[in-house]
Amino acid sequence: MLRKIWLFTPGPTPLLPAAAQAMAMADVHHRTADFRKLLSRCLADLKIFVGTQNDVLLLAASGTGAMEASVANFTSPGDKVTVLSAGKFGERWTGLAKAYGCEVNTVSVPYGKTFDLNAVSGQVKDARVVYMQATETSTGTMHDVRGVAELLHGGDTLLVVDAITGLGTTRFDIDAWGVDVLIGGSQKAVMIPPGLAYLSVSERAWQRAESAKSPRYYFDLRKERKAQVNGETAFTPATSLVAALAAALDYLRAAGGGDLAAGRDNLISNAEITAEMTREAVKAVGMTLFSEAPANAVTAAVPPAGIDSSALVKDFRENFGAVVANGQGEMKGKMVRFAHLGYFDYLDTIGIIGALEHVLGRATGKELFGKGLTAAQSAYRKMRQGDRVAVA
Ligand SMILES: *Cc1c(COP(=O)(O)O)cnc(C)c1O
């Protein structure tokens, strides 16, 4: 049979064709009026996509670059910071903050769990900065950003949120909630390749950046702010990726009938629907959800006892060209992760669930045909009738 490659991984995600085309055409010098116009438009659109009045800056880096910038710019060595950690990306915050000499209080809950606000409230209030994920990609878990933000009201603790897979899959109102820094990455819901990170920065956070003493050079956000107001960057920008991002944001605006915020909401609804289809399907074929608070960005599905997920991942790839994610680190072999962030539609979702019926059926020796698909079809119909969801 023909073999197409299908990415179902939570980054990189499938590439939007219009973005791929824009990249191929982007033979442009960055110190020109044309590029300044492109970057300025991208930054203005990103503010709408993120949903903030705060500055949004773009960096030539993977998502972790913006995470590092959020430690380097807002802390001084010896600062007491709190990390809410429930997976591999939470652990990354701890590693970063330690690397910059912060005194790190890591509040952790087991993989697959989320935080009890009552239990963490005493741990966050006196911190200089609180670091967390909106969605922990390694476990498929959504955390309560709004709840944590509310715990911090009235204090001068900064809240920094890694929303790298949260953006475009989760509803936020970050200015109303008081999120100081929110981070996104290009290879996730915005449907373009890896290489760009972006982050919103509140006025409070800018003030902190002035007094912060941690070392910074490439990721000095003050330099980027000065340059980016004028459509420039402090260093050579990833020009082709900026062109791709502009095209992707145009695509979302068109999907929202000319309104980018509506297009973003449509993208979120899409993730909600495809995630719900997948959750119902994996349960119907005898898998369980790894997370107690499943995110719409990615579904982490645990196979029945005795089955190693690595074998399932291999079968998906070899027989269906489908690249699904295994568990990360200690979770390897324990779960299959299916992404819903970005350019995934109904047909992609039905396709991967059809393949899952084969893959898991072979591994378990059970007849699963129709089980996952029936559950997914019902979930789709229910979601489309639900009053929350307005799909263009
Ligand atoms: C993908 C991802 C990152 C960024 O990882 P990079 O490899 O640096 O792009 C950070 N946090 C979360 C939650 C992610 O899913």
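Remember, it's a predicted structure, so these values are computed and weren't measured experimentally. (Residues numbered from 1 in each chain as written. Predicted model: local features only at pLDDT ≥ 70, side-chain atom pairs only at ≥ 80, totals over all residues. Heavy atoms only, no water.)

**Student:** In this structure, what is going on with the sheet that holds strand β12 (residues 298-302)? I would like to understand it.
**Tutor:** Strands in a sheet are paired, the pairing made by backbone hydrogen bonds, and the direction either parallel or antiparallel. What the four strands build is an open sheet, ordered β11-β12-β15-β14; its pairing is antiparallel. Across the chains shown, the open sheet's two edge strands, defined by having one partner strand only, are β11 (288-289) and β14 (325-326). When β14 meets strand β15 (residues 336-339), the two strands line up antiparallel, connected through two bridges. By the bridge assignment, Asn326 is partnered in β15 with Val336. Taken strand by strand, helix α11 (residues 260-284) contacts β11, β12 and β15, and its axis lies near 5 degrees from that of β12. (Pairing = 2+ DSSP bridges. Helix = DSSP H or I, 4+ residues; strand = E, 2+ residues; numbered from the N terminus. Contact = heavy atoms within 4.5 Å. Axes fitted to C-alpha atoms, helices over the stretch in contact; angles between N-to-C directions.)

**Student:** Even after reading the chapter, I still don't get the domain arrangement of the chain, so can you show me in this structure?
**Tutor:** It is common to give the size of an interface as the accessible area that goes away when the parts come together. Partitioning the chain into structural domains gives domain 1 (6-12 + 259-384) and domain 2 (17-255). Once you take the C-alpha centre of each, domain 1 and domain 2 turn out to be 27 Å apart. Taken residue by residue, the interface counts 34 residues in domain 1 and 34 residues in domain 2. Surface buried jointly by domain 1 and domain 2 totals about 2900 Å² across both partners, of which 64% is contributed by carbon and sulfur atoms. Across the domain 1-domain 2 interface, the total number found is two salt bridges. For Arg171, the salt bridge goes to Glu272, with nearest N and O atoms at 3.0 Å. Counting across the interface, domain 1 meets domain 2 through 13 residue pairs in polar contact (both at pLDDT 80 or more). Secondary structure elements with two or more residues in the side of domain 1 that touches domain 2: α11 and β12. Considered class by class, the residues forming the side of domain 1 that touches domain 2 number 18 nonpolar, nine polar and seven charged. (Domains from an automatic or database assignment. Buried area = accessible area lost by both parts, 1.4 Å probe. Salt bridge = Lys/Arg side-chain N within 4 Å of Asp/Glu carboxyl O. Polar contact = N/O pair within 3.5 Å; in protein donor to acceptor, adjacent residues only side chain to side chain. Nonpolar A, V, L, I, M, F, W, Y, C, P; charged D, E, K, R; others polar.)

**Student:** Explain the site of the ligand here, please?
**Tutor:** Near the ligand there are 13 residues, and of these Ser62, Thr64, Thr137, Asp162 and Lys188 occur at the shortest range. Between Thr64 and the ligand, the recorded distance is 2.4 Å, taken from a side-chain N or O atom to an oxygen atom. Here Lys188 contributes a side-chain N or O atom positioned 2.8 Å from an oxygen atom of the ligand. The protein chains hide 88% of the 380 Å² of surface that the ligand would expose on its own. Mapped by element, the contributors of at least two residues to the shell around the ligand are α3 (63-72) and α4 (88-99). No other element matches the three residues that α3 contributes to the shell around the ligand. Here the shell around the ligand is built from residues that sort into three nonpolar, seven polar and three charged. (Near = heavy atom within 4 Å. Areas by Shrake-Rupley, 256 points an atom, 1.4 Å probe, with all protein chains shown as cover.)

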